[in-house]
Amino acid sequence: DVKVTQSSRYLVKRTGEKVFLECVQDMDHENMFWYRQDPGLGLRLIYFSYDVKMKEKGDIPEGYSVSREKKERFSLILESASTNQTSMYLCASSGAEETQYFGPGTRLLVL
Amino acid sequence: DAKTTQPTSMDCAEGRAANLPCNHSTISGNEYVYWYRQIHSQGPQYIIHGLKNNETNEMASLIITEDRKSSTLILPHATLRDTAVYYCIVEGSNYKLTFGKGTLLTVNP
């Protein structure tokens, strides 16, 4: 079974803090994704990566950056957290068969 | 622009089959139909996908019409744990899954 894990289920941060969200997958998948999910807006793609050190912007990359130094790990970074980044953050990975598998999500509250 | 249309909500009795419809009249020849579900406060769970043939796995069956303009996800024996929002997604590239509002399926005892 594919396993995608995220470093925290719940996180509370203050405005202006730098926030790191970590995602690890154990299936040697090439592709990894970061989404955020908000009520009424569905899932929106922030960034994705199709290889180590490679990244592509999704639909809403502003205010975020990513890092993929190892194949199994994809990090989402909020350089200076703001209240409008309060959201559920979801990581996913996919391999050659292209089906995306999601982690449990991190619910981030920025005060 | 929404590529798929699903009912907002559906009910199903426990133990009965749940049939969830999805319309995708503008689907292109190289686009797959994916189904995911999301149980409250959890990440989306992959269920099944198909191109033009019917598909079955341990979780569900996917029936795609011959013209590919609609499909039905079938959960053969729904349980209370199948209560979730079910998303039908049409995509040609797996780099970007566009989740709509989905169907809230409530399985009743």
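This is a predicted model, so every value here is computed, not measured. (Residues numbered from 1 in each chain as written. Chains lettered and ligands numbered in written order. Predicted model: local features only at pLDDT ≥ 70, side-chain atom pairs only at ≥ 80, totals over all residues. Heavy atoms only, no water.)

A. Focus on the overall build of chain B. Helices and strands together make up the secondary structure of chain B, namely zero helices and nine strands. Sequence-ordered secondary structure for chain B, helices as α and strands as β, is β-β-β-β-β-β-β-β-β. Evaluated residue by residue, chain B yields a buried proportion of 42% over its 109 residues. In chain B, of all internal contacts separated by at least 6 residues, the share reaching a separation of at least 24 is 54%. Total accessible area computed for chain B in this model is approximately 5800 Å², and 49% of it derives from carbon and sulfur atoms. (Helix = DSSP H or I, 4+ residues; strand = E, 2+ residues; numbered from the N terminus. Buried < 20%, exposed > 50% of the residue type's maximum accessible area, 1.4 Å probe, protein only. Contact = heavy atoms within 4.5 Å. Areas by Shrake-Rupley, 256 points an atom, 1.4 Å probe, with all protein chains shown as cover.)

B. Structural detail: the sheet that holds strand β7 (residues 64–70) of chain A. All names here are of chain A. Taken in spatial order, the four strands line up as β1-β3-β8-β7 in an open sheet, and their pairing is antiparallel. Here the strands that pair on one side only, and so sit at the sheet edges, are β1 (4–6) and β7. On average, each strand axis in the sheet is tilted by 20° relative to the strand beside it, whichever way the strands run. Strand direction decides the pairing type here: strand β3 (residues 19–25) and strand β8 (residues 73–78), joined by six bridges, are antiparallel. When the sheet's bridge partners are listed, F20 is paired in β8 with I77. (Pairing = 2+ DSSP bridges. Axes fitted to C-alpha atoms, helices over the stretch in contact; angles between N-to-C directions.)

C. Here's a closer look at the interface of chain A and chain B. With 22 residues of chain A at the contact, the number on the chain B side is 16 residues. Together, the buried faces of chain A and chain B total about 1500 Å²; carbon and sulfur atoms form 50% of this surface. Taken as a group, L43, T99 and F102 of chain A account for 27% of the area that chain A buries against chain B, more than any other trio of residues on that side. Between chain A and chain B we count zero salt bridges in total. Where chain A meets chain B, there are four residue pairs in polar contact (both at pLDDT 80 or more). Listed by contribution, the elements that provide at least two residues to the side of chain A that touches chain B are β4 (31–38), β5 (42–49), β9 (87–94) and β10 (101–102) of chain A. Among the elements that make up the side of chain A that touches chain B, the one with the highest residue count is β4 of chain A (four residues). (Buried area = accessible area lost by both parts, 1.4 Å probe. Salt bridge = Lys/Arg side-chain N within 4 Å of Asp/Glu carboxyl O. Polar contact = N/O pair within 3.5 Å; in protein donor to acceptor, adjacent residues only side chain to side chain.)

D. Representation of the pairing of β4 of chain A. Residue and element names in this part refer to chain A. Summarising burial for β4: eight of the eight residues are buried, a large majority. Because side chains alternate across β4, one face comprises the buried residues N31, F33, Y35 and Q37, and the other comprises M32, W34, R36 and D38, equally buried. Here β4 runs beside β9; their pairing, made up of seven bridges, is antiparallel. If you follow R36 over to β9, its bridge partner there is Y89. Inspection of the sheet shows β4 paired to β5 by seven bridges, in the antiparallel sense.

E. Fine view of a nonpolar patch on the surface. Residues and elements named next belong to chain A. Side chains of V12, L109 and L111 sit close together on the surface and give an oily, nonpolar patch of about 270 Å² of accessible area. For V12, the position within the fold is in strand β2 (residues 10–13). For V12, a relative accessible area of 54% translates into the label exposed. (Patch = residues over 30% accessible without salt bridge, like charges linked within 9 Å, V, L, I, M, F, W, Y side chains within 5 Å.)

F. Fine view of the state of the cysteines. Residue and element names in this part refer to chain A. Tallying each qualifying case throughout the model produces two disulfides over all chains. A sulfur-sulfur distance of 1.9 Å marks the disulfide that ties C23 to C91. For the disulfide bridge between C23 and C91, the dihedral angle about the S-S bond is near -80°, and by the sign convention the bridge is left-handed. Of the two residues, C23 sits in strand β3 while C91 sits in strand β9, which places them 68 residues apart along the sequence. (Disulfide = S-S within 2.5 Å.)

G. Structural detail: the pattern of salt bridges. Taken as a whole and assessed by the stated rule, the structure comprises eight salt bridges over all chains. The residue E69 of chain A makes a salt bridge to K53 of chain A at a minimum N-O spacing of 2.5 Å. Taken as a pair, E69 of chain A in strand β7 and K53 of chain A in the loop between β5 and β6 (56–57) lie far apart in primary sequence, 16 residues in all. With respect to burial, E69 of chain A and K53 of chain A carry one shared label: exposed. The salt bridge involving E31 of chain B is made with K3 of chain B; its shortest N-O contact spans 2.9 Å. Highlighted residues: E31 of chain B in the loop between β2 (18–23) and β3 (32–38) and K3 of chain B in the segment before β1 (9–13), separated in sequence by 28 residues. You can call K3 of chain B partly exposed: its relative accessible area is 37%. Each of R36, D38 and R44 of chain A takes part in one network of salt bridges that share partners.

Nothing here speaks to function; it is geometry throughout.
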